[in-house]
Each structure stands twice: as C-alpha cells, then as structure tokens.
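Notes for the structure review
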Amino acid sequence: MLQLNTDSQLTYPSFCVLFYHLGYSTCFSNNYNGPAPSESKPFTEGAGGWSPQATDRQPWMQLDLKDRMEVTAIATQGRYGSSDWVSGYLLLFSDTGRAWKQYREEDGVGRFVGNVNPNDVVHHKLSHSIRSRFLRFVPLDWNPSGWVGLRVEVYGCAYKSDVTDFDGRSSLLYRFNQKSMSTVKDVISLRFKSRQAEGVLLHGEGQRGDYITLELHRGRLALYLNLDDTRLRFSSGRVAVTLGSLLDDQHWHSVLIERFNKQVNFTVDSHTEHFRTKGEGVSLEVDYELSFGGIPLPGKPGTFLRKNFHGCIENLYYNGINVIDLAKRRKPQIYSGNVTFSCSEPQLVSTTFLSSSSSFLSLRATASSLGGFAVRFRFRTWNPDGLLLSTRLALEPQRLELQISNSRLRLTHHTSAQQKEEVSTGHRVNDGLWHSVSLSSRGLQVTMTLDNEPPSTIDLEDHMEAGDLYFGGCPSVNVAGCVNPTLAFQGCMRLISVNSQPIDLNLLRQGRLGNYRELQFNTCGIHDRCLPNFCEHAGQCSQSWSTFYCDCSGTGYNGATCHNSIYEVSCEAYRLAGSSSGYFSIDPDGSGPLGPTKVYCNMTEDKVWTVVTHNSTDPIRVQGSTLQKPYIMKFNYSASPEQLIALVAGSEQCQQEVTYSCRKSRLFNTRDGTPLSWWVDQAGERRTYWGGFLPGVQQCSCSLEENCIDMNYFCNCDADTDSWANDTGVLSYKEHLPVSEIVIGDTNRTFSEALYRIGPLRCYGDKSTWNAASFYQESSYLHFPTLQTELSADLSFYFKTSAPSGVFLENLGLKDFIRLELSSPSVVTFSFDVGNGPVILAVKSHVPLNDRQWHYVRAERSVKEASLQVDQLPLRFLEAPSDGHLRLRLNSQLFVGGTAARQRGFLGCIRTLTINGVTVNLEERAKMTPGVSPGCPGHCSSSSSLCHNRGRCVEKNSGYVCDCSQSAYGGSSCTEEVSVSFDRESSVTYTFQEPFSVMQNRSSQASSWYRESSRARENMAFSFMTTQSPAMLLTVSTFSQQYIAVILARNGSLQIWYHLHVDRRPDVFSPRPSSLADGRLHRIRLHREGRYIYLQVSQEMESKISFEIYPLDVMWAGSKGFIGCLSSVQFNRVAPLKAALLNHGSSLVSIRGQLVESNCGLLADSAILHSQSGKEGLIGKEPLRNASQSNSAVIGGVVTTVVFITLCAVAVMTRFLYRHRQGRTDASVTEKEHRHNLETAYRRETAYQAEPAYRTELHLNNSSSLRNNREYYI
C-alpha cells in the first residue's frame, strides 16, 4: 500500500486527499514500511513504492477510489530508497475498471511529466477535473539506469449525482403546469454517456413553430433551435449547430445550453459555439412537455419518431429544476417510461492498435462445427489505409486479406504470387465511427459484410480452411502468408469473435491466448484532431490517426494551417514584385482575419494607385427631395467595411472625387447654416465639408481657392441661381474615407435639381514598406505589448547591419519564449519553446549577412510546424510533435532590437516589421526611445522606388546600384524590357543548379501529400506577341514526368496544361475562348497554390480557373513550336530569357537556332505581326548563336529552363516537343506522317508508359556532368 497523505507544499483548501485501494499489472516491489494512511504523515516521509516485474510488457498501477470522486490534482514520487522512478506517464480513468479513457489537457497533451529522482514530489493540477472511480497510471519513461518506481497521491472531493439509464425504449417526459411554457431565457445542463452514435437527448416544440432538439448524430451533438419561424418548421432545411466528436465512447460528456432572447451559447465539454437563432421571436414557446431520450408521438409516450437515446444521463437541469430528482421522487409532472436510476455498464472492451507499421494481434483459428470459418469484429479509425485481417489458406500460397484501401473496405483473395481476386464495399470507413464487419466462408464462397451494406462474395476453387489469423497487421519477422500491403491498421477494435466464439482479450494480455505487439488494451485511444479546428481562414480540416491536415483550396491562403495569404498586402507590393497595371487581389492585413479583395492597381504614374469601386459610379440626377424626405444613396464597395478600413489605414494618402452640380439646390441653409445635404464617412458620422476642404468646416473647395461665383457664400450651390453651378472637389482626409452614403435634401422647388457622382476610392503608398528604426546602442530596444500568438505566429522584417550578431526580437513567458536573432555574421536563428522543449531553426548564408545591405527574414510557428526563410535561401522547417503542447504562452513585453536583459542587442536598421499581418509602428516608438532613431540612413532606405520589377537596391559608398539579377527587366533601374523574337528553329535552354522548389513529387502517403501540396506553388509572368496558332509558349517539367505547358490552341485561345500526378490524366485549364494570336502584346501572370490556379491576362481581372481536357490541342501546339516575340519572362524568382541574352557563353545557357533581341515589349498594342520566316519583321539586333550545335533534336520557338534539384526534384522549363526527330527534320514531312506521329503520341500518353512518347533533348555545354545527376525530362 502507498502512502496517501497531503503534501505541505500543495494546498487545495476545499479538497481532501482521496484514499484508495491499489491494483497493478504486476508487482516486483510494493513494500510499505511507513504508517497507515490514516496517520497522515508527509508524502516524502513514506517508504516503499511500486515497481512492476521486469517481464511485464505493459506495466500500470491502478487506484480504486471505491466510489466516483472528483479528482483535481495528482502527485508522484519515485520508489523509496532506490534508483527507480517514472519520468513520464499517461493517466487513464474509468467508472468500471474495464473501459478506460486517457486524460488529456486542454491543448490535447496526454503525457504527464514525472520525476527526475526518487525523492522529489512532482504535482500536477488538472486543467479540468476527473469524475471517476478508477485511475490508472501507465509509465512511459523511467530512469534508464534503474527501473520503474512509483508512489502517487491524488487530491479531490466526493462527487454525487442523480443518474438515469435509458435502454433505447425508455423516456422521461417533463410536463408543464400550464398548456405551454414561453421563456426568453433558458439554461439546460446535463451529462451523458452513450452506447451508440445516434439518439435524441432532448426535444420540445410548440404549435407556433418553435422547437428545440438536442440530438446525437454520427457521434456529434446537434442542436436545433427555432423561435417563431414556421418556414423552418415545415421545411427540410433545418440547420443544426454541431459540436463535439466521438461522443459514443461510453464515457461522460457535459452539455450546457444558455439562451437569452436570440443569443445562444452551446457548450460540449470544453468547446463552446456562440450563435443567434432563426425566426422572428425572442421567446421559446413549448407546448405541454419536454421529452428526454426521444421524440414521442403525440399521446403515445415511448413511441418515438426518431432514434431514441441509449445510455445514461446525470444531473439533468432545466432552468434550475432537477428533472431526474423529480422522477426519482415520482412527482406528478414527470412521466418516467421504463427508466432506471442507476447506470448499467456495458461489457464492451476495446483494444487500440498503436502503430501503423508494427501493431498486430495473432490468434489461432479454431475449428468450426459447420466447416469453413467466420470472423466478426468492429473497428474505428481515421486512416484511409490499413490491414484489418490476414490469414493463410490451406492451399498454399493462397491467402485472404481484408484491408482498408482508399477509405473503402477491400477483400482480396491471393491465388498465386501474381493472381488475385478482389471485391470492395463501403465509403469513407475511416470516418472515426464504429463499423461492423464480418467475414465468413460457406462452401466455395467467402462473404464480406460491412454494416448494413449488401454482402460481397468471392468464389473459391476449393473448400477453405483458415490458418492463423492476423488482426491489424503482420509481425516484423517473416510469416508465410502475412504481408502488410501498405500500412498496418492504426485504430480500435472490439467484439472480436472467431467461429462464433467471443475472444477474451484479457487472456491475450496475460499471455494465455495468441500473440500481440504495440497494442493498448481496455481503451480506444482515438482522438479527434480536428476538434477544435486549427485550420484558419475557413480551411477544411481532415485527419489521420496521428495528425491533421488543412485543405486551403479556394481560401486565398496557404501553409500548414492556411495561415499565410497568397496575395500581396498592397498594390505597392505588387509593383515591387515586378507587376504592371491591372486587377489584383490584395490582402490588407496579410495573415490576419480579413480576407482578400479585388482592386485595380494603376502603376502608370510615379505613385501606385489602389482603386476600389462601388455600386454607383455613374452620374445620378436628383429631384423632389426635401430635408424631411431626403434622397439617400448608400454605396456598396467591392471591399467590406473592415477591409476598407485596413486599406485606408495602411496607405500613405487616400482621396475620393465628389462631382456635385446644382441648379437651385443648396448645400447649406442660407439663414442659419443648417446642412441641407451631407455625406456619411466610414464610421457612420455625418460630414458637411465638400470638395477637399478641411474637416469640421461647412465649406467647399471654391471657398478655399477663393473663386466662388458669389463670394458671399462658401459654396457655389449656395448662391441658389437658376443656372447650373458646380462644387466639385476631392475629399482627401483619409480617416473619413470612403464615402459610405450621400444625402441630398433641397431639390423639391421649381426647376430645382442636383447631379452628383462619387468617384472610386483611390489610395497610394504603403506605410508599412518603409517604416524603419535604427539602433545605435547595444543596450537599447523598443518594447511593445505581448505577442498574441498562442496558436500561430508569422513575423517578417528587413534588416541591415555591420555587426556580427544581435537579437532582432524576443518575447518571454514563464517557461515559453520566442526569439529571432543574428547569431553569427552568416546565420539567422529562430528559437522558441511552447512546453515541448526548446526548438531551434537556423539558416546559414553562403555570404555574410552583415554587409550593410537589406536582408529579408520571415519566421512562422503554428501548431503543425515552424519555418524560417532568409532572403531566397532554402526554406528551413520543422514539424511539430503530434501530441505535444500547442499554445505559446507569453506574458512579458515584446522587445525589438534587444532583450529584457539589455544584452546582445541589435545594431543596425530594421524595417517593415509585420506580425500576423499587422505592421508594427517602429518609427513612432523610436521617437521616444534613447539609442534608437526613426527611419534608416542610406539611399535604399526610402519609398522612392529606385529599383523596379523585383530589382534590389544595393548601397554603395557614393550612391547605389540596382541589382536586376532576379528581375526579368534590365537597365539601371530594372525597367527596360528584355525581349527576343523566335523563329521555328530557335530555342533557349537554361539550367539551374541550386536547390529550387517548383513541382514536387506526391507521396502515396496522405501526410506527405498534404505537406507538399501546401507548399507547392509557381509564379510565372511573361509577355508575348504572335499571330501563330497553335503555338507553344512555355513549359516546365520534372524528372518524375510532371509538367506544365502554356500554349495557344488552334483557335488562338490560351490554355494551361498541368500534369502533376503521373498516374492520372493531365488537367488543362482554358480561361478564355477569345484568340490571343492577334499580333498584340499580351501579358500573362500565373500563380498556382496547391490545386488552384490564379490567372491574369493583360488588364483583365484575375480569375480562378477550372479543369477541362484538351490533350490533342496541346500536342498540336507542341508540334508547331512558336513564331513571334517573348518578353520579360519571369519564373518564380528567375529570369531565364534575360540570363540567356546576357550569359550566352555560360555553361548554364544553351541556345539553338537563331534568336534576335527585340523591342517588342515597347511596341505594345501598336505592333502588328505578319507571319514570316526568319526574324518576323521585328526590329532587332545581331542574332545570338550557341557555339556548339547538336543534330540529335530540334527544339524551337520557346524559352526553356532546366532545374536540377539535389534531393527531391529536377525541374525543366523547356519547349514541350510532341514528335521524335533524329537530326534536323525535313520541312517537307507529309501531313499523313505528321498525323500518324500525333496519334502515336496520344496513345502512348494515355497508356501512361514509363518511357515518354515525346522527349525534349537538353542542350547543355556540361551535359556530361549533368547526366551524372540523372537528367530526366518529358
């Protein structure tokens, strides 16, 4: 027996130490030499302790509290006088001692930190109490130099409850004293545990149309609530608020429903949903009664319209009334139909298969008196693949496999090593619910049955006799007839029976029946990792047994948790990235809660203007309005009010033109100055200044300019003349913009009228881009409020320094912290701790980072992973542990440029510090901080836009230069177009040798697919001009036969062909039907995020495009090549066309045929091409030729790029050539031969041959060395 006494260091005034009886799996030593428990001496004075036998495969220690208690804290200690202690353990609880559930903290962590020596006591106060009779401590780790040793103490108090049991046919009816009950406030609370996934817990309804229903559906709780809305009562579209998951686990769950008028708080366990009810009323009117356990037919208690509840309910309160207590006392307002007042416990015991690679359970198949064999069991899992059952048949090498494959149940009969027969059934059997499966043989047939699905059969050649049965997987040692097809089963099983004989798994655990590995008995360890949903911005959560994934498709965000916006925050950011005027999606708050919005970015002037339109931009004539009945127009903008506020706040300046013409229509009353017309600002405030005048003054722009038609008035309209007057001006006080409403009240007199037009909102500048601070003293820093980044955080900024090291920012908690620093001249380090131990990510640059030039840093931490990006260096990321702590708990101030200890401070400049989409105002705080100054010295430290189109400003001693190496443009400011004209026999091949992420291979495992697809992206931009169609514009391919092709189809329309999954048909997007082969210059911008492609053509609005299939068009375009001009080609951060022109002697560049540098990018729409051979009539320079030519293939008419990746991919950007050539092809090839080549290519493509039908030969000067790197291509 262990000592059970209070520790003086842990005080819980309202609780007591709980006394218990001890049980254990095995016992090596549980000697106890101290006093009896009632003598109450300090914990650390006790002797003895528990240690299991060394042969115990799954040791545990169990406490029986003799009754259900409420446990609030636990404490552990090592075994007395030994080197035995437990350093980590799980805590399980149970009402019966048979079915157990693992205790988890609020963030899902189930592992408790134990002891580090045998003497010290480690306490844990539980975040939510346990109400149970039995506790079980399961050691996970212990002293590696000793053994498991444990003493425990638990704290809590007695727990009393009123319980009733529903057997699936019973109910409780609570009848009102009057005909109906109408309430504006309701509080309903209860606790329940259920034996099935379906059942009604609560229902009430009224003749007016009100109803309330609480229903268990598919293991989740659905609350239906309607107040006085007959449409919802008689429609099939009733909407439920759903909470919880896996609630049919036979353990207690708490429910609380709080309603006041239309506002409702719905809580299940620790998760709460807030919502407003449907309907017009604010009161809930229920007639006659509330029913618990089902929905009875009128006048027939016990006859239910829907499936009734099967399980137990305790502490059921309705508006303060203890319903179960009334039923126990047989009060007349309660009808208790067939219920009992104790909770019957089922004998269902589950077993958890813990590992997807090594778990298994083997049993000997007993002989059946009827011949053949029959196996039944139930399972639940989240994994889409896993082996459920495998057995070898008497006729070797035949065997049967029952597995989950692609979320379906599949039975396979292997007749030989190469031959098999399969049948499948079910859909999404990995939904986390219990599914029943049976497998039986009779005669020459094997039958598989899943739930209520029709049975599926396989015919046999001979009568079947099963050998050993392997459930969940196969042993690691080779066992004839048992091989894991993909993964072992990871999930729960129960009710296993073989030949109608139930299997007692306790005998298996005791070693008296069969064999097993990596199993956890008497518990189902399934855990819903999508509750709560950590996917942000409406991302869809899915899960496997060990982790969750976020599908960000269509959200406008990406990343492991859909945290990062795929759009820039402003038009200024798009210009800096090299874009030209057009429609763009911007996300004003980045990764913040606001979504993206469409705007027009005007980049034709020195300033970049963001234009947001509204629903009424045309001039509108107003007549017949008075001050009592004014004319009112509300403006609906293309952005939400919250997005507009963020856009205006982040801009340097905003303005909105107001055109107002009038005839006998005044703006202000001439006697007392009362406004007769006004406009309403973004905050809903009335504004009476017009046309650019200062706020608060009732005047117009003519007064400011002193040119009003009558100087006795401050507005032209107030002269009240019979002729038309004008008070047009520009509103430029941005805190009041945009105009949300206009009110006109003086157009009801004879010949009185007004004509107005409110222009779009126009803003320029990005205040965040150059918000900077300079740090001059190592002990100085800027401090800001604590980071509110418990679950996700992204931090980005630019820095430049000459110091070898320094801390960029730091925020501390009691134990948690987050820190970003320059740890050495070439290393940036991101470190943090959320309770799982310190995590360190470091990016090392091949050049020093303290070179007084701007460098970009972005760090992100979420519940899924952490990442660190420095400039364009490879991204470093680390996945978070699947069962670790999730929340980053900080409590100190955020320090920027230093630390609280005033050590290792940063010396240099930091600008554009953004945290979770919010820009930190460094300049404002720097104005009042010693050792720090606002702004940053240097030519490259202002918003003057010295370098354009992705050009990088580089500081020099006497000025600056623009580094245009990553820009598709050239010149001193990266503004000059780089254009080349191609004929049919010309091409360029460019080779990347650094790691580069383009398209990534998809693993067959779901976790790999989700991880990679969340990062898979491309950005392409180029201009072209041609009259040829079909034509191949650009291609990208990888060694794994993935590719992208951008073409003009035979009708001249643009098509984008994606083949990212080599085992599927290609996907082809057709964004617009009109022809682009019109001799005009067209600009293409293409951006892919995962499964979605965003495309902009010229000045059109960006669109998200859908799938179509046009494989023959692509082949035809590939055979024709390209004749025309390509300009300013950008692929991600690479400009291959410019590199080919400037570095054509490099081994990275290979040119074939004749290229002519052109100025077609400057010709724009005025240039009309005439299809010719040679130079195509374009103004050009001397042609470029490669010194080495090959006769093995002809590649012509496109820009081509080859990307070699050391670890994961070899990406090729090249002409996609759809025909074989052995040397130069004769121009006189007949149409018949050409058509035959196309048909052959199409057949090979559809057959998915490993040997591609059409290849592109890569012309590289160093081809021999690259061939050693495994050159793959389409």
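Residues numbered from 1 in each chain as written. Predicted model: local features only at pLDDT ≥ 70, side-chain atom pairs only at ≥ 80, totals over all residues. Heavy atoms only, no water.

Some points on the sheet that holds strand β19 (residues 284–292)
Formally: We call two strands paired when DSSP finds no fewer than two bridges between them. Only runs of H or I of at least four residues qualify as helices and only runs of E of at least two qualify as strands under DSSP, and these elements are numbered from the N terminus. In this analysis an axis means a line fitted to C-alpha atoms, helices contributing only their contacting stretch, and an angle means the value between N-to-C directions, from 0 to 180 degrees.
With respect to topology, seven strands assemble into an open sheet ordered β15-β14-β13-β12-β19-β10-β24, the strand pairing being antiparallel. Of all the strands in the sheet, just β15 (241–243) and β24 (334–337) have a single pairing partner and so form its edges. Taking the axes of each pair of neighbouring strands and ignoring which way they run, one obtains an average angle of 20° across the sheet. Direction of pairing for strand β13 (residues 211–217) relative to strand β14 (residues 220–226): antiparallel, over a ladder of seven bridges. By the bridge assignment for β14, L214 is matched with L223.

Quick notes on the UniProt feature "domain: EGF-like" (unreviewed entry) in the protein chain
What counts here: UniProt positions are given in the numbering used here, feature names are shortened, and annotations may be inferred rather than shown by experiment.
If you check UniProt for "domain: EGF-like" (unreviewed entry), the listed places come out as residues 526–563 and 937–975 in our numbering. Counted over residues 526–563, helix gives 0% and strand 26%. Its end C-alpha atoms are 27 Å apart.

Some points on the sheet that holds strand β51 (residues 686–687)
Spatial strand order, β48-β54-β50-β51: four strands in an open sheet with antiparallel pairing. Either end of the sheet is taken by a strand with one partner, and the two such strands are β48 (631–634) and β51. Both strand β50 (residues 677–680) and strand β54 (residues 741–744) contribute to a ladder of four bridges, which runs antiparallel. Each residue of the ladder has a partner; that of W679, found in β54, is I742.

Section: the environment of R68
Put simply, the rule reads: Exposure categories follow from relative accessible area, calculated using a 1.4 Å probe and restricted to protein chains: below 20% of the type maximum is buried, above 50% is exposed, and the middle band is partly exposed. Any two residues having at least one pair of non-hydrogen atoms within 4.5 Å are treated as being in contact. Whenever two N or O atoms come within 3.5 Å, that pair is a polar contact, provided that in protein one can donate a hydrogen and the other can accept it, and provided that, for residues adjacent in sequence, both atoms are side-chain atoms.
Secondary-structure assignment places R68 in strand β3 (residues 61–77). Among the residues examined, R68 registers a relative accessible area of 14% and is labelled buried. In sequence terms R68 and K160 are 92 residues apart; their C-alpha atoms lie 7.8 Å from each other. Setting aside its immediate chain neighbours within four residues, R68 contacts D95, R131, S132, R133, Y159, S161, R191, W252 and E314. Engagement of the side chain of R68 in a polar contact is seen with the side chain of E314, the distance being 2.8 Å.

Some thoughts on the pattern of salt bridges
Stated precisely, the cut-off is as follows: When a carboxyl oxygen of Asp or Glu lies within 4 Å of a side-chain nitrogen of Lys or Arg, that pair is called a salt bridge.
Counted under the stated rule, the structure contains 40 salt bridges. The salt bridge involving R133 is made with D64; its shortest N-O contact spans 2.8 Å. One end of the pair, R133, is in strand β7 (residues 122–142); the other, D64, is in strand β3, with 69 residues separating them in the sequence. Given a relative accessible area of 26%, R133 falls into the partly exposed group. Given a relative accessible area of 13%, D64 falls into the buried group. A salt bridge links D141 to R111; the shortest N-O distance between them is 1.9 Å. Taken as a pair, D141 in strand β7 and R111 in strand β6 (residues 111–113) lie far apart in primary sequence, 30 residues in all. Take R111: its relative accessible area is 42%, and that puts it in the partly exposed class.

Here's the deal with the state of the cysteines
Applicable threshold: A pair of sulfur atoms, both from cysteines and within 2.5 Å, is called a disulfide here.
According to the stated counting rule, one finds 14 disulfides in the structure shown. In this model, C964 is linked to C974 through a disulfide, with the two sulfur atoms separated by 1.9 Å. With the S-S dihedral at roughly -90°, the linkage between C964 and C974 falls on the left-handed side. Highlighted residues: C964 in the loop between β72 (959–963) and β73 (979–982) and C974 in the loop between β72 and β73, separated in sequence by 10 residues.

A short note on helix α5 (residues 641–650)
The following threshold applies: In this description, the arc belongs to the directions extending from the helix axis to the C-beta atoms.
All of the buried residues along α5 are Q643, L644, L647 and V648. Down the axis of α5, the sector holding all buried residues measures 130°, keeping them to one side. In this structure, the buried residues of α5 make contact with β44 (582–586), β45 (597–602), β46 (609–612), β49 (653–663) and β56 (761–764).

Considering the packing of aromatic side chains
Heads up, the condition is: Two rings belonging to Phe, Tyr or Trp (six-membered ring only in the last case) form a pair when the distance between their centres is within 6.5 Å. Interplanar angles under 30 degrees mark stacking, angles over 60 mark edge-to-face geometry, and anything in between is tilted. Either the NZ atom of lysine or the CZ atom of arginine qualifies as a charge over a ring when it sits within 6 Å of the ring centre and within 35 degrees of the ring normal.
Tallied over the entire structure, the rule returns 30 aromatic pairs. Here the aromatic rings of F534 and F548 are separated by 6.0 Å at their centres, their planes lie at 40°, and the arrangement is tilted. With a gap of 14 residues between them, F534 in the loop between β39 (519–521) and β40 (540–543) and F548 in strand β41 (residues 548–551) connect regions that are remote in the sequence. According to the relative accessible area criterion, F534 is buried, its value standing at 15%. Seen from their ring centres, F1022 and F1024 are 6.3 Å apart, and the 45° between their planes marks the pair as tilted. Using a relative accessible area of 1% as the deciding quantity, one classes F1022 as buried. F1024 gets classed as buried once you look at its relative accessible area, which sits at 0%. The rings of F353, F377, F379, F471 and F489 are connected pair by pair, giving a single aromatic cluster. One cation-aromatic arrangement involves R686 over W678; the distance from NZ or CZ to the ring centre is 3.8 Å. Across from the ring centre of Y798, 4.1 Å away, lies the NZ or CZ of R911, which sits over that ring.

Side note on the nonpolar core
Note the following rule: To define a nonpolar core, start from buried Ala, Val, Leu, Ile, Met, Phe, Trp, Tyr and Cys residues and group those joined through side-chain atoms within 4.5 Å.
In terms of nonpolar packing, the biggest core is built from 46 residues, with Y660, W690, Y756 and L761 touching the most fellow members. Here the element with the most residues in this core is β49; it accounts for four residues. In contact with L761, other than residues within four places in its own chain, are T610, V611, V612, Y637, L644, V648, C654, Q655, Q656, L737 and P738.

Regarding unusual backbone geometry
Following L531, the chain continues to P532 via a peptide bond in cis, the omega torsion being 0°. Mapped onto the fold, P532 is located in the loop between β39 and β40. With an omega of 0°, the peptide bond between S1029 and P1030 qualifies as cis. Secondary-structure assignment places P1030 in the loop between β75 (1017–1025) and β76 (1031–1038). Phi angles above zero are rare outside glycine, and D871 is one such case at about 50°.

A closer look at the confidence of the model for the protein chain
The predicted structure's coordinates, where accompanied by low pLDDT, should not be read in detail. The condition that has to hold: Looking at any residue, its pLDDT shows the predictor's confidence there, from 0 to 100.
Of the residues in the protein chain, 79% reach a pLDDT of 70 or more, and the chain-wide mean stands at 78. Contacts of residues 1–15 to residues separated by more than four positions or lying in other chains number 53 contacts, the stretch itself having pLDDT below 50. Note that pLDDT drops below 50 for residues 1106–1112; the model gives that stretch 21 contacts with residues more than four away or on any other chain.

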